[in-house]
Amino acid sequence: MYLCTNDVHVPRMPHERFRGKSVMGLRGEAIMQFDWTVRQITDALHQRGIDRNTLIIITSDNGPVLDDGYQDRAIELCGTHKPSGPYRSGKYSAYEGGSAVPFIVYWPEGAAQGMTSDALGSLIDMPASLASLSDVALQPAEAHDSQNHISTWLGRDTRPRDYAISMASNRSLTLRTQHYKYISPSDGGPMITWGPKIETGYRPTPQLYDLSKSAYEQTDIAKERPKLLQRLQRLLGEVRGGK
């Protein structure tokens, strides 16, 4: 089952049963509605006696944005809460806040319980990982870039993806390894210009960050690590060229 909700996306229109129940206004009420929806699913699984042997994954398609062209006081009512957590910026950005998302795996009979993994992953691995779990053979032309990381998802090992690639709003590419982040040069100003207060991460020069030291991408080490920079540039070039 694939359930794609619109709850927190604009326009945020939570049901009347949630109105007035969050200090964060419509956005907070929409999050409450999403939580309620997840509970309806888990309750239904429990009632049918299949909850312990059902894999549930909760994730998102991109980082957060409060004002996405729809004024509902989300920025004003957010207070000190940081939707991007420890990461810089948010949706549309080349920084981690644009692409790092929650990935919650729940499976009482099949996954490790109560653990957090720092292993690098990508949503593009969904087809290969779930096909492996289901003993489904993918054809060579199917999900070409998808990799099987089901063991990492279930907490059976800590093997990360070798790299993951993401795209910012201006279509510039970033390449992320377990510890480093390379942002390719691109045109554009430092902030999104049409509404959201979002740092873009765009620069005319390449950027390199050591995320093992700081997830917030404050210190650009491109000049300090030229060989590493060249290696990641070359890898991204090979991927773009289909090699």
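The residue numbering used here restarts from 1 in each chain and proceeds along that chain's sequence as written. Residues qualify for local features only when their pLDDT is at least 70, as the model is predicted, and side-chain atom pairs are given and counted only at 80 or more; totals for whole chains, interfaces and linings, by contrast, use all residues. Calculated side-chain values reflect all of the structure's heavy atoms, with hydrogen atoms and water omitted.

Novice: So what exactly am I meant to see when it comes to the side chain of E29 here?
Specialist: Only DSSP runs of H or I reaching four residues or more are called helices, and only runs of E reaching two or more are called strands; each is numbered from the N terminus. With respect to the helices and strands, the residue E29 is situated in helix α1 (residues 25–47). Contacts were defined at the residue level, with two residues in contact if any of their heavy atoms lie within 4.5 Å. Leaving out residues up to four positions away in the same chain, E29 has contacts with P14, F18, R19, G20, K21 and S22.

Novice: So what exactly am I meant to see when it comes to α1 here?
Specialist: Since the α-helix advances by 3.6 residues per turn, residues separated by three or four positions end up pointing in the same direction. With 23 residues, α1 ought to run about 33 Å at 1.5 Å a step, and its terminal C-alpha atoms sit 33 Å apart, in line with that. Only protein chains enter the accessibility calculation, which uses a 1.4 Å probe; a residue is then buried when its area is under 20% of its type maximum, exposed when over 50%, and partly exposed in between. Of the positions making up α1, those classed as buried are G25, R27, G28, E29, A30, Q33, T37 and L45. Those residues of α1 that are buried lie in contact with β1 (56–59) and α2 (74–78). Just downstream of α1, G49 is the residue with a positive phi angle, here 70 degrees. Here a helix's expected span is defined as the number of its residues, less one, multiplied by 1.5 Å.

Novice: I would appreciate a short explanation of the pairing of strand β6 (residues 207–210) in the present structure.
Specialist: Taken residue by residue, a regular strand's side chains alternate between the two faces of the sheet. Side chains Q207 and Y209 of β6 all project onto a buried face; the interleaved residues L208 and D210 project onto the opposite face, where all are buried too. We treat two strands as partners when DSSP finds at least two bridges between them. For strand β5 (residues 180–183) and β6, the ladder comprises 4 bridges, and the chain directions are antiparallel. The partner of Y182 across the bridge, within β6, is L208.

Novice: When you look at the layout of surface pockets in this model, what are you seeing that I'm missing?
Specialist: A probe matching the size of a water molecule, rolled over the atoms, marks out where space remains unfilled. Roughly 460 Å³ of volume is contained in the second largest pocket. A cavity, in this analysis, means grid points on a 1 Å lattice covering only the protein atoms where a 1.4 Å probe fits yet has no way out; a pocket is instead an open set bounded by protein on both sides within 12 Å along at least five of seven lines, and a residue lines either one if it has an atom within 4 Å of a point. Around the second largest pocket sit 20 residues that line it, and L66, P83, S84, S89 and K197 are the ones nearest its centre. Each residue is assigned to one of three groups, with Ala, Val, Leu, Ile, Met, Phe, Trp, Tyr, Cys and Pro labelled nonpolar, Asp, Glu, Lys and Arg labelled charged, and all others, Gly among them, labelled polar. Here the residues of the lining of the second largest pocket sort into 10 nonpolar, 5 polar and 5 charged. Grid points are joined across faces, edges and corners, and a volume is the space filled by probe spheres set on the points.

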